[in-house]
Amino acid sequence: MQGHTSLYIGNDVRFSGNLSIVSGRFNDRPTLRIGDRTFIGHNVSITCNEEVVIEDDVLIAGNCKISDYDGHPASPENRLARGLPGAGEIRPVRICKGAWIGFGAFIFKGVTVGEGAIVGANSAVTHDVPAYSLAVGSPARIVKRVGPDESSSVKKAVRAAA
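Computed from a predicted structure; not experimentally measured.

Caption draft 1: Quick look at the sheet that holds strand E14 (residues 118–119). If you trace the 7 strands from one edge of the open sheet to the other, you get E2-E5-E8-E11-E14-E16-E17, paired in mixed fashion. Each having just a single partner strand, strand E2 (14–15) and strand E17 (140–145) make up the two edges of the open sheet. In the sheet, strand E11 (residues 100–101) pairs with E14 via 2 bridges, with the strands oriented parallel. Directly across from isoleucine 101, in E14, lies its bridge partner valine 119.

Right under this line is the structure:
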């Protein structure tokens, strides 16, 4: 861990190897929240300068990158002057309950990956992924729905438990 990110880790979280967490000095309290029963694979890198939330039951495969910031200011003048990022250049990331992020995927700033969604291997996610959908490619595009249908036993069990 490099920087001053506040880290909150839920119960039964598993880490498969190297995890890199990095923050800059752009905000006073950047926050990384990792929910219960989450799995984070080997060689995952998380850049957290404002907020990254990984909810319960998320699976993140190895070599993934999650970042709420692009790494340098967009303005050429700011980059040359080694200045701070402008407004909107740091935006929170949320990976919702039960999502699965495939090997080598990159989740960019401002993205929400919806509940139960799947991001395919080596995908670059620049826009929100709706719940229970599959996003693949670079840039990632939604290719199909992956959620349980209304008649499935999983859906019935979830409704019965509620």
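Caption draft 2: Focus on the pairing of strand E6 (residues 44–47). Two elements, strand E3 (residues 19–22) and E6, share 4 bridges in a ladder whose sense is parallel. Bridge pairing in E6 places leucine 19 opposite valine 44. Bridging between E6 and strand E9 (residues 65–67) involves 3 bridges; their strand directions are parallel. Bridging across to E9, isoleucine 46 finds its partner in isoleucine 66.

Caption draft 3: The arrangement of the side chain of histidine 4 in detail. Tracing the backbone shows histidine 4 in the segment before strand E1 (6–9). You can call histidine 4 buried: its relative accessible area is 19%. Among the polar contacts listed, one links the side chain of histidine 4 to the backbone oxygen of glycine 24, at a separation of 3.5 Å. Within polar-contact distance, the side chain of histidine 4 engages the backbone oxygen of asparagine 27 at 2.8 Å. When neighbours within four sequence positions are excluded, histidine 4 is seen to be in contact with Ser23, Gly24, Arg25, Asn27, Asp28 and Pro30.

Caption draft 4: Highlighting the nonpolar core. Ile54, Ile60, Ile66, Ile95, Ile101, Ile107 and Val113 are the most contacted members of the largest nonpolar core, which has 28 residues in total. Counting only elements with at least two residues in this core, the list comes to strand E4 (31–34), E6, strand E7 (51–54) and strand E10 (93–95). Sequence-distant contacts of isoleucine 60, defined by excluding residues within four places in its chain, comprise Phe39, Ile40, Gly41, Val44, Ile54, Ile66, Ile95 and Ile101.

Caption draft 5: Main features of the pattern of salt bridges. Enumeration according to the criterion identifies 4 salt bridges in this entry. In this structure, the salt-bridge partner of aspartate 57 is arginine 37, at a minimum N-O distance of 2.7 Å. Taken together, the residues aspartate 57 in the loop between E7 and strand E8 (59–60) and arginine 37 in the loop between E4 and strand E5 (39–40) connect sequence positions 20 residues apart. Given a relative accessible area of 26%, aspartate 57 falls into the partly exposed group. By relative accessible area, arginine 37 is classed as partly exposed at 40%. In this structure, glutamate 55 engages arginine 94 in a salt bridge whose closest nitrogen and oxygen atoms are separated by 2.8 Å. Taken as a pair, glutamate 55 in the loop between E7 and E8 and arginine 94 in strand E10 lie far apart in primary sequence, 39 residues in all.

About the cut-offs
Residues numbered from 1 in each chain as written. Predicted model: local features only at pLDDT ≥ 70, side-chain atom pairs only at ≥ 80, totals over all residues. Heavy atoms only, no water. Pairing = 2+ DSSP bridges. Helix = DSSP H or I, 4+ residues; strand = E, 2+ residues; numbered from the N terminus. Buried < 20%, exposed > 50% of the residue type's maximum accessible area, 1.4 Å probe, protein only. Polar contact = N/O pair within 3.5 Å; in protein donor to acceptor, adjacent residues only side chain to side chain. Contact = heavy atoms within 4.5 Å. Core = buried A, V, L, I, M, F, W, Y, C linked by side-chain atoms within 4.5 Å. Salt bridge = Lys/Arg side-chain N within 4 Å of Asp/Glu carboxyl O.

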